[in-house]
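Structural description and commentary
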Amino acid sequence: MEQIVKVYRLLPDGNAEVIHFRQSACSGDCHKCSGCGAAKETLLVQAHNPIGADVGDLVTVSSDTAGVLKAAAAVYLIPMVLFFLGYALGASAGYGGLAGCAGFVLGVLLAVALDRRHAKNQKMVYTITGYAPGMGHSEQ
């Protein structure tokens, strides 16, 4: 996954802190939808800086998405698999719907626990891969 961020400060170990401003999908045109609950979120992370970007540079940062995709697959698939398994096992006793719902709830609880564990243990590694399109070294 790649994102365009701004170098916030340089660190002594050759890394840099980069800042990213997240916006909601509505793009902030509050007058178009008569109100806005969108909040801007600022994300400050450390990134490897092999290109030697300076403070204020707009750069492209990449991160490994394999771990995120595996976690997302687990979060979505586990409840569905347990729903169908519960339904199939419960159908023979006449409680297919109830057993399916119980399997789904169990799957959601398991998926939430796995997601929290993954988020706690997984450290994303970010790397500055280049300057943002149209932005050279120290251009603002």
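Thresholds, definitions, all that
- Numbering of residues starts from 1 in each chain and follows the order in which that chain's sequence is written.
- Totals for whole chains, interfaces and linings use all residues, but because this is a predicted model, local features are given only for residues with pLDDT of at least 70 and pairs of side-chain atoms are given and counted only at 80 or more.
- Based on all heavy atoms of the structure, the side-chain values leave hydrogens and waters out of the count.
- For helices the rule is a DSSP run of H or I covering at least 4 residues; for strands it is a run of E covering at least 2, with both sets numbered from the N terminus onward.
- Remark: exposure states derive from per-residue accessible area (1.4 Å probe, protein chains only) relative to the maximum for the residue type, with buried under 20%, exposed over 50%, and partly exposed in between.
- Note on areas: Shrake-Rupley with a 1.4 Å probe; residue coverage comes only from the protein chains shown.
- Within this scheme, the nonpolar core is defined by two criteria: the residues are buried Ala, Val, Leu, Ile, Met, Phe, Trp, Tyr or Cys, and they are joined through side-chain atoms within 4.5 Å.
- Any pair of residues with heavy atoms lying within 4.5 Å of one another is described as a contacting pair.
- A patch consists of residues whose relative accessible area exceeds 30% and which take part in no salt bridge; residues with like charges are grouped when within 9 Å of each other, and nonpolar side chains (Val, Leu, Ile, Met, Phe, Trp, Tyr) when within 5 Å.
- When a carboxyl oxygen of Asp or Glu lies within 4 Å of a side-chain nitrogen of Lys or Arg, that pair is called a salt bridge.
- Only strands that DSSP links by at least two bridges are regarded as paired with each other.
- Ring pairs shown here join Phe, Tyr and Trp side chains whose ring centres sit within 6.5 Å, with only the six-membered ring taken for Trp; geometry is labelled stacked below 30 degrees between planes, edge-to-face above 60, and tilted in between.
- Per residue, pLDDT measures the predictor's confidence, with a range of 0 to 100.

**As for the overall build of the protein**
A tally of regular secondary structure across the protein gives three helices and five strands. In the protein, which comprises 140 residues, the proportion classed as buried is 25%. Split by element, the accessible area of the protein, about 9,400 Å² in all, is 62% carbon and sulfur.

**What to know about the nonpolar core**
The nonpolar side chains of a soluble globular protein tend to be buried, and buried together. With eleven residues, the main nonpolar core is built from Val5, Val7, Ala16, Val18, Val45, Ala47, Ala53, Val59, Val61, Tyr126 and Ile128. When residues of this core are traced back to their parent elements, those giving at least two are β1 (2-10), β2 (15-22), β3 (41-48), β4 (58-63) and β5 (126-131). Those residues within four positions of Val45 in sequence are excluded, and the remaining contacts are Ala16, Glu17, Val18 and Tyr126.

**Observations concerning a nonpolar patch on the surface**
A cluster of nonpolar side chains, namely Met80, Phe84, Phe104, Val105, Val108, Leu109 and Val112, defines an oily patch on the protein surface of about 610 Å² accessible area. Per-element tally for the nonpolar patch: the top contributor is helix α3 (residues 96-121), with five residues.

**Observations concerning the pattern of salt bridges**
Following the criterion strictly, the structure yields one salt bridge and no others. A salt bridge links Arg9 to Glu17; its shortest N-O distance comes to 2.8 Å. With relative accessibility at 41%, the residue Arg9 sits in the partly exposed group. Glu17 gets classed as buried once you look at its relative accessible area, which sits at 13%.

**Notes on the pairing of β4**
With five of six residues buried, β4 lies mostly within the body of the structure. Bridge analysis of β1 against β4 gives five bridges, and the strand direction is antiparallel. Across the sheet, residue Lys6 finds its bridge partner in β4, namely Leu58.

**Notes on the packing of aromatic side chains**
Throughout the structure, instances matching the rule amount to two aromatic pairs. Between Phe83 and Phe84, the aromatic rings sit 5.1 Å apart at their centres with planes inclined by 70 degrees, giving edge-to-face as the arrangement. Residue class for Phe83 comes out partly exposed when judged on its relative accessible area of 24%. The structure contains a cluster of three or more aromatic residues connected by ring pairs, namely Phe83, Phe84 and Tyr87.

**A closer look at the confidence of the model for the protein**
With 79% of its residues at a pLDDT of at least 70, the protein reaches an overall mean of 80. Here helix α1 (residues 30-33) stands out as the element of the protein with the lowest mean pLDDT, 60, in contrast to β1, whose mean of 89 is the highest.

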